Structures are given as structure tokens and as C-alpha cells.
Amino acid sequence: YEEGGSCSTGEAGFGSPKVQPDSIVTVVVDDCDLDLDDTVAESITVEVMSSVDVGFPLDLTEVAADAGVFEATVQITSDPSGAGLYAPDGSIVEVVYIDELDADGNENVEVLGQAEVDGSIEGPPTYTVVGFTPSTATIQVTASEPVRVDIDFGLACPSLNGSASSGGFAPSGRSYSEMSR
């Protein structure tokens, strides 16, 4: 990376301005100068919280060596004593980290990403099985906003021991997820 370059100012968020209650959401930080070693995928720690929960630290892992993009998932729950981050419908979820040096040379800048927990968000309106063989399947999801597709699979319903993901939030329109056993 180039110090002071455009990617030196970090961004944090949830991949969408709104998230579903009682769901698993992806927390993303994009900051190239957090990539200190181009040969390994590194980790950073951020704070996740909501407007009704003080939250907790969350470790994010770089999506690939030399990527400068870090991700992890967190469970959003509307049960105050449930597992994960308490964030009922109508609350705000937040991710915060400190950007040690932004593109303007400012030190220790707090970077905040937010999303509204909104139970009125509709799920993807359509999905299509594009291809299906004994060992692979390709599914197309069409949505009006960025989506991430996670699919569990296996040889029988009680033993869904595989998982496939679209790998992040695809732009509005189409998202493909392919899985193999």
C-alpha cells in the first residue's frame, strides 16, 4: 500500500444500511494500512455495540493476504438475554475501530459504521437453481439491495455438514453461490 493513499482512510460497516433482526450479519473493515504483512491474512479487533447494548470486542480476519479488508460475523438477537449482540427491531448496530493514521495524516481517528435493525426488510424476492449435479449446485438470488447468500448442505437433512457462501455482499441484482461436496 501507499501511505496516505486513498485506502489509508478506513471504512467500517455491515455491508448494508439496514440489517434484519435475529440474524447473522457480516462486520467489515476496509483499511489497507492495517495490512502489515503482505504474505499472511492478519486479524484486527473492533468493538461492536447497539443503541441498547454496550457490546463487546470482535476479532476480524483479513479476507486474504494483502487484501486490507477484514471480516467477521456477529449474531443479532432481539432477546436481551440471548447469545450475541442485543439489537431489537428499530435499534442501531455499530462497529467502531481506531484508524491509527488516515489518508490526511490524522492519528487515532475513530471510525464508525452503523446500520439500522429493520424487521420490515423483505428477503430476496426470487431465487433460481441455475445448475444442479450430484456434486455441485449453483443458485441465483435476485434482490433489490446488496445481499449475502449462505447455504448449508450435506448428504441428508440431519447431517448438513457443508456450507457455502457468496463471500460477501453482492451488489443489488444477482448473487451466485456455488457449492461442491
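Treat the numbers as computed from the prediction; the structure is a model and nothing was measured. (Residues numbered from 1 in each chain as written. Predicted model: local features only at pLDDT ≥ 70, side-chain atom pairs only at ≥ 80, totals over all residues. Heavy atoms only, no water.)

## A short note on the overall build of the protein
Okay, step 1: Counting its secondary structure elements, the protein contains zero helices and 14 strands.
Okay, step 2: When the helices and strands of the protein are listed from N to C terminus, the series reads β-β-β-β-β-β-β-β-β-β-β-β-β-β.
Okay, step 3: For the protein, with 181 residues in total, the buried portion stands at 38%.
Okay, step 4: Across the protein, the fraction of contacts at a sequence separation of at least 24, relative to all contacts at a separation of at least 6, is 55%. (Helix = DSSP H or I, 4+ residues; strand = E, 2+ residues; numbered from the N terminus. Buried < 20%, exposed > 50% of the residue type's maximum accessible area, 1.4 Å probe, protein only. Contact = heavy atoms within 4.5 Å.)

## So, the environment of A67
Okay, step 1: Structurally, A67 is set in the loop between β5 (53–62) and β6 (69–77).
Okay, step 2: For A67, a relative accessible area of 33% puts it in the partly exposed group.
Okay, step 3: Setting aside anything within four residues of it in sequence, one finds A67 in contact with D35 and E62.

## Let's talk about the pairing of strand β8 (residues 92–101)
Along any regular strand the residues' side chains alternate between the sheet's two faces.
Okay, step 1: As paired elements, strand β4 (residues 43–50) and β8 share four bridges and run antiparallel to each other. Paired with M49 across the two strands is E94, which belongs to β8.
Okay, step 2: As judged from the nine bridges shared by β8 and strand β9 (residues 107–117), these two strands associate in the antiparallel manner. Across the sheet, V95 pairs through a bridge with G113, a residue of β9. (Pairing = 2+ DSSP bridges.)

## Digging into the pattern of salt bridges
Okay, step 1: Here the structure, examined in full by the defined rule, presents one salt bridge.
Okay, step 2: With a closest N to O distance of 3.3 Å, D118 and K18 form a salt bridge. Residue D118 is found in the loop between β9 and β10 (126–132), and its partner K18 is found in strand β2 (residues 18–19); the two are separated by 100 residues along the sequence. (Salt bridge = Lys/Arg side-chain N within 4 Å of Asp/Glu carboxyl O.)

## A short note on the pairing of β4
Okay, step 1: Of the pairings in the sheet, the one linking β4 to β5 comprises seven bridges and is antiparallel in character. Residue pairing across strands places I44 opposite L60, the latter belonging to β5.
Okay, step 2: Counting the residues between successive antiparallel strands, the hairpin from β4 to β5 contains two residues.

## Some words on the nonpolar core
Okay, step 1: F14, V27, V29, V46, L58, L60 and V93 are the most contacted members of the largest nonpolar core, which has 24 residues in total.
Okay, step 2: Secondary structure elements with two or more residues in this core: β3 (24–30), β4, β5, β6, β8 and β9.
Okay, step 3: The element that contributes the greatest number of residues to this core is β6, accounting for four residues. (Core = buried A, V, L, I, M, F, W, Y, C linked by side-chain atoms within 4.5 Å.)

## Digging into the environment of D33
Okay, step 1: The topology assignment puts D33 in the loop between β3 and β4.
Okay, step 2: It is 9.7 Å that separates the C-alpha atoms of D33 and A103, two residues lying 70 residues apart in sequence.

## Thoughts on the confidence of the model for the protein
Okay, step 1: Looking at the protein as a whole, its pLDDT mean stands at 81, while 79% of the residues score no less than 70.
Okay, step 2: Confidence scores differ between elements of the protein, with strand β14 (residues 173–180) showing the lowest mean pLDDT of 47 and strand β7 (residues 85–86) the highest of 97.
Okay, step 3: Here residues 1–5 is a poorly scored stretch, pLDDT under 50, and it has nine contacts once near neighbours within four places are set aside; other chains count.
Okay, step 4: Note that residues 172–181 has pLDDT below 50 and, in this model, 47 contacts with residues that lie over four places away or in other chains. (pLDDT = per-residue confidence, 0-100.)

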